[in-house]
Amino acid sequence: RNFARQKDKKWPVLVCVDGAGSNFEGIGKGYQERRGSLPFVVASPCTFANTNQIEGDMLKKYQRYYAEPVIEEGKGKRIDWDEAGILAMLEDLKRDFDAEERVYVTGFSGGGQATYMMVFRHPDRVNGAAPSCGNFADFGFSQLKGNFGGDALNFPVHQITGEKDEHRDFTFGKKESPG
């Protein structure tokens, strides 16, 4: 809202990743509507690590955005494909919309995979993260310990989990979780 390129003005960006329902436009529009007059850019990438199966009706959602060979490539190494796509999107936003270097990232449920990927693989690109009931899988993240330091790791992470969420115990460090 009220976006305009201005000399020396950089715009904050919220990257929001939908969960297993893969409603990428819906989550992006939801954040756009709820931001009110706050001046930031909302970006909702079409990702693959957020969902289990990409077939049937789910496949049709992805076919709106990608040709079949691209979908097959994305399904192969999902989190790596998402990483390359999100980083390319961030570069496009910097070039075309004067986006800030570091972004805010949130992901609902399966969208937590991309959120955590950004936190662990690219903390130098994150201003803050808020996974909402975010799924987590260690895609080699534990091997990254010590790769970043100083200001790269200086941002808040706020995990949001519902009180009645059946997987709530995972968030609080039980049952082999990131907690």
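Residues numbered from 1 in each chain as written. Predicted model: local features only at pLDDT ≥ 70, side-chain atom pairs only at ≥ 80, totals over all residues. Heavy atoms only, no water.

### Some thoughts on helix H5 (residues 112-121)
Counting buried residues along H5, 9 of its 10 residues qualify, which places the element largely inside the surrounding structure. Every buried residue of H5 is listed here: Gly-112, Gln-113, Ala-114, Thr-115, Tyr-116, Met-117, Met-118, Val-119 and Arg-121. Looking at the packing, one finds that the buried side of H5 touches strand E1 (13-17), helix H4 (78-97), strand E3 (103-107) and strand E4 (126-129). (Buried < 20%, exposed > 50% of the residue type's maximum accessible area, 1.4 Å probe, protein only. Helix = DSSP H or I, 4+ residues; strand = E, 2+ residues; numbered from the N terminus. Contact = heavy atoms within 4.5 Å.)

### A few points about helix H2 (residues 56-63)
Those residues of H2 that fall on the buried side of the exposure criterion are Met-58, Leu-59 and Tyr-62. One face of H2 carries all of its buried residues, which in axial projection span an arc of 100°. Across from the buried face of H2, at angles greater than 90 degrees, the exposed residues are Asp-57 and Lys-60. Check the buried side of H2 and you find it contacts helix H1 (24-34) and helix H3 (68-76). (Arc of directions from axis to C-beta.)

### A short note on the nonpolar core
If you look at the biggest cluster of nonpolar residues, it comprises 24 residues, and the most contacted ones within it are Val-13, Val-15, Ile-86, Met-89, Leu-90, Leu-93 and Met-118. Among the elements of the structure, E1, strand E2 (41-43), H4, E3, H5 and E4 are those that each provide at least two residues to this core. In this structure, Leu-90 is in contact with Val-15, Val-103, Met-118 and Arg-125, ignoring residues within four places of it in sequence. Within the second largest apolar cluster, 9 residues are counted, among which are Phe-24, Tyr-62, Ile-71 and Trp-81. (Core = buried A, V, L, I, M, F, W, Y, C linked by side-chain atoms within 4.5 Å.)

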